[in-house]
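Here's the letter readout for the chains.
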Number of protein chains: 2
Amino acid sequence: MSKKKEQDFVKEVTPMEEDFARWYTDIVLKTDMVDYSPVKGCMIIKPYGYGLWEEIVSALDKRLKETGHKNAYFPLLIPESYLEKEKDHFEGFAPEVLWVTHGGSEELTERLFIRPTSETIILPMYSKWVQSYRDLPLLINQWCNVVRWEKTTRPFLRTAEFLWQEGHTLHATAEEAEEETLKILEIYRELLEDELAIPVILGVKSEKEKFAGADRTYTMEAMMHDGKALQAGTSHNLGQNFAKMFDVMFLDRDGVRKHGWSTSWAITTRLIGGIIMTHGDNRGLKMPPRVAPIQVVILPIAFHKEGVLDKAYELKNELAKDFRVEIDSRDEYSAGWKFNYWEMKGVPIRLEVGPRDIANNQVMAVRRDTLEKFAIPMDELNERLGEILDDIHNNMFKTALEDREKKTFVSNDYEEIKDMMKENKGFIKIMWCGSEECEDKLKADTSATIRCIPLEKEKLGDKCAICGKEAKHMVVIGKAY
Amino acid sequence: MSKKKEQDFVKEVTPMEEDFARWYTDIVLKTDMVDYSPVKGCMIIKPYGYGLWEEIVSALDKRLKETGHKNAYFPLLIPESYLEKEKDHFEGFAPEVLWVTHGGSEELTERLFIRPTSETIILPMYSKWVQSYRDLPLLINQWCNVVRWEKTTRPFLRTAEFLWQEGHTLHATAEEAEEETLKILEIYRELLEDELAIPVILGVKSEKEKFAGADRTYTMEAMMHDGKALQAGTSHNLGQNFAKMFDVMFLDRDGVRKHGWSTSWAITTRLIGGIIMTHGDNRGLKMPPRVAPIQVVILPIAFHKEGVLDKAYELKNELAKDFRVEIDSRDEYSAGWKFNYWEMKGVPIRLEVGPRDIANNQVMAVRRDTLEKFAIPMDELNERLGEILDDIHNNMFKTALEDREKKTFVSNDYEEIKDMMKENKGFIKIMWCGSEECEDKLKADTSATIRCIPLEKEKLGDKCAICGKEAKHMVVIGKAY
């Protein structure tokens, strides 16, 4: 492929430095991860995007099962009267639920809403299922779709309908509920850091930012390439709030009937957006190797020559035992075009097999993360690829972490904070008095929000960076998706 | 456990001979597979039922992927105008779709319906995605929820919301579409017979019974314990009907733009009902071993004695490498109670480990299908269990097949047919002229329907059993769920 043509191909993607939002849109569309649908704000997840979701699901589902959680399925539709029971929850979700009013041509006797989250249908069932402390803890998860009628949407990041898992657990004591909430946060951290290669900051949400109806919301916050924060998953300690509203009671060891303590927690298809914006570059996606729908792509070179295609398919069958591997033997595209195509798709390793490679009993490998090219002897291939994928994972994580650290600042000077936020430089660690007034002021002045009070405490001063009064917490602030 | 108590336990289930419908309801509720929800006709699939669904999904998904199908996700909500495009399809589904009219407190500008099936959103996308013959075949599947506002519902068998997979493929020729439709039917047969141990009859639906908008619907029909038919899965050749309605065109090899040929096919959570009604008995469920959420349950006996619990857990960890295994070490229940409990749950193999077994270096095994009890030497356990599970599968399939054959009759005497259907004896093979009049008459007189024109042709006479005119097909008739 000529230099010119190659440039043409790459230049179809808006450089991220020029317009990050357009870069993102170009990437999700051009890599066939997603398409717009005729329904406002609803996306179509195409096979390449869905394949990534399937790997994320599988990595998390395994961990949830290993820790005793079981999957179940609750109805999509919930009667109106159930939404109204928990006041804060109602206020949080009522403005964005969709209402079903008719079945066929008949009007329903009670309106139904499409679940934006399922506390209001799951907790009433728990009140029926749980009798005694022997029935606890109840550790249930569901993988499903939810709908929130959002005004401004972007593929994966914020869509009216999205896919997620929502865990809902019930416990006999406040301590156990808190322990579960934190255990899940740790599982989420593992998913993000060990599978998706995305470093996260774990912390607690402020009262203002917590889930509608929760006592306490834990979050993991990731930093995107443009310095903005992505809330990548949340784990809520719901206290006894929902249990009280829905009469979820159990007979405890001491013979007393008590309300249970519940938790809920979720990660969503938004993580796909997080992967793109953490790892992508101007050549396209970089798929984290452990969840990449295709880990290795084989390109037969000069494959009209005898033996090349046979060898390539033989290789594919061999590699398929250990890896998710595809072969691209389309004859309507040049090798150069395919290099760019698979780089755009972000496949971690590309293998090229041509007549000369076969003669030398080797393949040429190209890493997507470093674009480094090197030969691998044919008989070491399975072992070496495993090592390289691990190395790519580690390198991607390290790069993302360095990027975050470079864009994380410390300041207790409010004027400086406002200036930095104007330029959207990234995260700033500041001291905060804990008042909602300061939180509101920060948002009004900078459009940044308190992302979290990190679990890892730091003391950077005595005074609130906003009002100057006594500081309570170090918080991380940033603009968010 | 005393004989008395054991009888009490079992008698909580209505014997199927007495009232099959109540037997079914008792079983689904008592085994914790399902619960009723506050939403009319919507069920809650509890972990034991959902675990079975997960195994079914995994068995089918693997086969679909091996044959080149890829998963994707399309929106739950579809604009009203899309439903109206295919006339037959609209007439078939409009009476039972649910309508979304409001988002928050605002009225939507166009009503949306909740997908009862997704042809009307998927085909419009295909018209955008497909340009030339090189883009074909397009082989896409989705796992999702759908809603059909049914009046009469029963857990798993007919519910307003249910889970399913729906495949939607597009092809360049009529032949390829037909080939795909039949390939899927064969994959479904494998799923039913080789995984769920349910024998099926493959055939074509009559014009009257085919899918709204299809050229031809293939079906697999299974017989339940009560002699009624369960339509267990369908594969539709949609011809060019939907492609024409939604302008799905491609540039063919010959340079001519043509409409594509589409297919769609589905199996649903109804299969769980099919498993229960094919294999269950008055002691409860019998889970087909290959999809059983729990294949082996270990019951430690007299486990206050030293070493018993340790040995049981050691065994569990060893078996967990090859099987889905659970241990029941609850101390609030007697061994006898647990025997009945796990029989009710239908776990294929129960292992008992007590002090004497440990001394003899063996375990006692009980098969759920035959209730046979025998010792297995500890060091042969993994190998023997694999063999026994296979044998249970084969035995369950054989038993179900024999049961179906016993309840399948041949008749060309309409009076006899009416009498047999009054007693609901099972399937009857009859000759049929092919007219809708005879089909309607049969239904009016007997409430039986033509289940299918079997792919395996038989000639049982020259004349239609209903009108006496020249016969076209041998058909299987029966009452259906």
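Model, not experiment: these values are computed from the prediction.

### Observations concerning the sheet that holds strand β10 (residues 216–223) of chain A
Residue and element names in this part refer to chain A.
Turning to step 1, where the next piece is worked out: With mixed pairing, eleven strands are arranged side by side in an open sheet as β3-β7-β8-β14-β11-β10-β9-β22-β23-β21-β20. One side of each edge strand has no neighbouring strand; the edge strands of this open sheet are β3 (70–71) and β20 (408–410).
Turning to step 2, where the next piece is worked out: Alignment of strand β11 (residues 229–237) against strand β14 (residues 261–268), held across four bridges, turns out to be antiparallel. Paired with Thr 234 across the two strands is Ala 266, which belongs to β14.
Turning to step 3, where the next piece is worked out: The strands touched by helix α6 (residues 119–129) are β7 (138–147), β8 (161–171) and β14; relative to β8, the strand with the most contacts, the crossing angle is about 30°.

### Concerning the sheet that holds strand β5 (residues 98–103) of chain A
Turning to step 1, where the next piece is worked out: The six strands lie next to each other as β4(A)-β6(A)-β5(A)-β5(B)-β6(B)-β4(B), forming an open sheet whose pairing is antiparallel. With partners counted over all chains shown, the strands left at the sheet margins are β4 (77–79) of chain A together with β4 (77–79) of chain B, one partner each. Strand-to-strand twist in this sheet, taken as the mean axis angle between neighbours without regard to direction, amounts to 45°.

### Observations concerning the relation of the copies chain B and chain A
The second copy of the chain is related to the first by a rotation about an axis and a shift along the axis.
Turning to step 1, where the next piece is worked out: Mapping chain B onto chain A leaves a residual RMSD of 0.0 Å; the transformation is a rotation of 180° accompanied by 0.0 Å of translation along its axis. Interpreted geometrically, this transformation is the action of a two-fold axis. No C-alpha of chain B lies nearer the rotation axis than that of B:Val100, which sits 2.1 Å from it.

### Remarks on the nonpolar core
Turning to step 1, where the next piece is worked out: Judged by nonpolar contacts, the single largest core of 288 residues is most densely connected at A:Ile298, A:Trp432, B:Ile298 and B:Trp432.
Turning to step 2, where the next piece is worked out: By residue number, the principal contributor to this core is helix α13 (residues 381–406) of chain A, which donates eight residues.
Turning to step 3, where the next piece is worked out: Apart from residues no more than four positions distant in its own chain, B:Ile298 is found in contact with B:Ala312, B:Leu315, B:Lys316, B:Val325, B:Ile327, B:Leu351 and B:Val353.

### Section: the domain arrangement of chain A
Turning to step 1, where the next piece is worked out: In terms of domain boundaries, chain A breaks down into domain 1 (62–279), domain 2 (296–387) and domain 3 (408–478).
Turning to step 2, where the next piece is worked out: Measuring from the centre of the C-alpha atoms in domain 2 of chain A to the corresponding centre in domain 3 of chain A gives 49 Å.

### Quick notes on the interface of chain B and chain A
Turning to step 1, where the next piece is worked out: Contacts between the two partners involve 44 residues from chain B, matched on the other side by 44 residues from chain A.
Turning to step 2, where the next piece is worked out: Those elements giving two or more residues to the side of chain B that touches chain A turn out to be β2 (43–45), α3 (47–66), β3 (70–71), β4, β5 (98–103), α6 (119–129), β7 (138–147) and β8 (161–171) of chain B.
Turning to step 3, where the next piece is worked out: Considering each element in turn, the side of chain B that touches chain A owes the most residues, six residues, to β5(B).
Turning to step 4, where the next piece is worked out: Among the residues forming the side of chain B that touches chain A, the class breakdown is 29 nonpolar, seven polar and eight charged.
Turning to step 5, where the next piece is worked out: When β5(A) meets β5(B), the two strands line up antiparallel, connected through five bridges.

Scoring rules and cut-offs
- Residues numbered from 1 in each chain as written.
- Chains lettered and ligands numbered in written order.
- Predicted model: local features only at pLDDT ≥ 70, side-chain atom pairs only at ≥ 80, totals over all residues.
- Pairing = 2+ DSSP bridges.
- Helix = DSSP H or I, 4+ residues; strand = E, 2+ residues; numbered from the N terminus.
- Contact = placed C-beta atoms within 7 Å.
- Axes fitted to C-alpha atoms, helices over the stretch in contact; angles between N-to-C directions.
- Least-squares fit on C-alpha atoms with pLDDT ≥ 70 in both.
- Core = buried A, V, L, I, M, F, W, Y, C linked by C-beta atoms within 7 Å.
- Buried ≥ 20, exposed ≤ 12 C-beta atoms within 10 Å, placed from the backbone.
- Domains from an automatic or database assignment.
- Nonpolar A, V, L, I, M, F, W, Y, C, P; charged D, E, K, R; others polar.

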